[in-house]
Amino acid sequence: MEPTYRTLEILAKLLVWATGTRITFGGTENIPAEGGAVVAINHTSYVDWLPAALAIRRGNRRIRFMIKAEMQRVKIVNFLIKRTRTIPVDRDAGAAAYAVAVQRLREGELVGVYPEATISRSFELKEFKTGAARMAGEADVPIVPLIVWGAQRIWTKGQPRHVGRAKVPVAVQVGPPLRAAQDIGATNQVLRESMTSLLHQIQQHYPHPAGEYWVPRRLGGGAPTVAQAARMDAEEAAARAAHHIPRESRQRRRN
């Protein structure tokens, strides 16, 4: 029954109701009724996991997300991680989390993965990491592509949060499961093409006011272009790396 997970599901639905968020779901019949699967989700927001999880629940399943290990430092989050079978990932040593994910897949669980790894500032799909394709192949399970659209209006990188009763519409579309091929690169390409098709399908039925920060440049919005977003990500990564240089090393560089 998983009482902690069930409590979180109830709270999530109450939160959606309280904020007036309007979530529409499509393709939930593509969620496997049983057995393991990798659920590949696009990443535009800090909260896109919530509509994704609710979509999976509509298929009478539960999802085990992979989450950055730093979140374990927050006591309440660490408590929830342990009781919901969430998989913490140390980004500097991810082999252990990968092994856990593969084992969960073999046990028949749905494991949620963001192939882009980090939030897309352009709100287009970024290049994919290979983890989703590799673990699906190793566990011999399908990959279920899932797109969330609109959550970037609630809370995304570099923009104000709109977590009150903003009544933001959010759309979720689940695509048909894909089988991993021996060629990981080919699997990644097919997955990315499938998720791109789903993304464009959702966007056809979603209003995109010109110039809005959350609208991709391709659709007339004010979001960074793909190239601009890549530069911003690179600058952020460089700044983060510099921040982690030991104090003595920084001092030697100045001298």
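Since the model is a prediction, treat every value here as computed from it, not as a measurement. (Residues numbered from 1 in each chain as written. Predicted model: local features only at pLDDT ≥ 70, side-chain atom pairs only at ≥ 80, totals over all residues. Heavy atoms only, no water.)

A. Structural detail: the pattern of salt bridges. Taken as a whole and judged by the stated rule, the model has 15 salt bridges. As a salt-bridge pair, Glu-236 and Arg-121 come within 3.0 Å of each other at their nearest N and O atoms. Linking Glu-236 in helix H7 (residues 226-243) with Arg-121 in the loop between strand E5 (110-113) and helix H5 (131-139), this pair joins segments that are 115 residues apart in sequence. Between Lys-157 and Glu-236 there is a salt bridge, and its shortest N-O distance comes to 3.3 Å. Highlighted residues: Lys-157 in the loop between strand E6 (143-149) and strand E7 (169-174) and Glu-236 in helix H7, separated in sequence by 79 residues. (Salt bridge = Lys/Arg side-chain N within 4 Å of Asp/Glu carboxyl O. Helix = DSSP H or I, 4+ residues; strand = E, 2+ residues; numbered from the N terminus.)

B. View of the pairing of E6. The element E6 is largely enclosed, with a buried count of seven among its seven residues. The side-chain alternation of E6 yields two buried faces, one formed by Ile-143, Pro-145, Ile-147 and Trp-149 and the other by Val-144, Leu-146 and Val-148. Taken together, the four bridges between strand E2 (residues 37-41) and E6 define a ladder with parallel strand orientation. The residue of E6 that forms the bridge with Ile-41 is Leu-146. Here E6 pairs with E7 via four bridges, running antiparallel. (Buried < 20%, exposed > 50% of the residue type's maximum accessible area, 1.4 Å probe, protein only. Pairing = 2+ DSSP bridges.)

C. Summary view of the packing of helix H4 (residues 95-106) against H5. Remark: H4 packs on H5, axes separated minimally by 9 Å, with the N-to-C direction vectors making an angle of 50°. One element, H4, and the other, H5, form an angle in the oblique class. For the crossing formed where H4 meets H5, the hand is right-handed. Contact residues: H4 offers Tyr-98, Ala-101, Val-102, Leu-105 and Arg-106, while H5 offers Gly-131, Arg-134, Met-135, Glu-138 and Ala-139. (Axes fitted to C-alpha atoms, helices over the stretch in contact; angles between N-to-C directions. Parallel < 35°, antiparallel > 145°, perpendicular 65-115°, else oblique. Left-handed = near helix turned anticlockwise from the far one by under 90°. Contact = heavy atoms within 4.5 Å.)

D. Structural context of the confidence of the model for the protein chain. Per-residue confidence for the protein chain gives a mean pLDDT of 93; residues scoring 70 or more make up 95%. Within the model, the stretch residues 247-255 combines pLDDT values under 50 with four contacts to residues more than four positions away or in other chains. (pLDDT = per-residue confidence, 0-100.)

E. Representation of the packing of helix H1 (residues 3-19) against helix H2 (residues 49-58) in the model. Running from N to C, H1 and H2 cross one another at 120°; their axes reach a closest spacing of 11 Å. Taken together, the axes of H1 and H2 lie oblique to each other. Seen along the crossing, H1 lies across H2 with a hand that is left-handed. Across from Glu-9, Ala-12, Lys-13, Leu-15 and Val-16 in H1, the residues of H2 making contact are Leu-50, Leu-54 and Arg-57. Class assignment of the residues belonging to the contact of H1 with H2 gives a composition of five nonpolar, no polar and three charged. (Nonpolar A, V, L, I, M, F, W, Y, C, P; charged D, E, K, R; others polar.)

F. Fine view of the sheet that holds strand E1 (residues 22-26). Here we have seven strands laid out as an open sheet, ordered E1-E7-E6-E2-E5-E3-E4, and mixed in their pairing. Across the chains shown, the open sheet's two edge strands, defined by having one partner strand only, are E1 and strand E4 (87-89). On average, each strand axis in the sheet is tilted by 25° relative to the strand beside it, whichever way the strands run. Looking at chain direction, strand E3 (residues 63-68) and E4 are connected through three bridges and run parallel. Paired with Lys-68 across the bridge in E4 is Val-89.

G. Highlighting a nonpolar patch on the surface. There is a patch of nonpolar side chains on the surface, built from Leu-8, Ile-10, Leu-11 and Leu-14 and spanning about 330 Å² of accessible area. You can see Leu-14 is positioned in helix H1. For Leu-14, a relative accessible area of 47% corresponds to the partly exposed category. (Patch = residues over 30% accessible without salt bridge, like charges linked within 9 Å, V, L, I, M, F, W, Y side chains within 5 Å. Areas by Shrake-Rupley, 256 points an atom, 1.4 Å probe, with all protein chains shown as cover.)

H. Examining the pairing of E2 more closely. Burial within E2 is extensive, with five of its five residues counted as buried. Of the two faces of E2, the one carrying Ala-37, Val-39 and Ile-41 and the one carrying Val-38 and Ala-40 are both buried. Bridging between E2 and E5 involves four bridges; their strand directions are parallel. Bridging across to E5, Val-38 finds its partner in Val-111.

I. A look at the side chain of Glu-116. Note on placement: Glu-116 falls in the loop between E5 and H5. Although Glu-116 lies buried, it forms no salt bridge, and the closest oppositely charged side chain, Lys-126, sits 6.4 Å away as judged by the N-O distance. Separated by 2.8 Å, the side chain of Glu-116 and the backbone nitrogen of Lys-126 make a polar contact. Apart from residues lying up to four places away in sequence, Glu-116 is in contact with Ile-41, Asn-42, His-43, Glu-124, Leu-125, Lys-126, Glu-127 and Phe-128. (Lys, Arg positive; Asp, Glu negative; His and termini not counted. Polar contact = N/O pair within 3.5 Å; in protein donor to acceptor, adjacent residues only side chain to side chain.)

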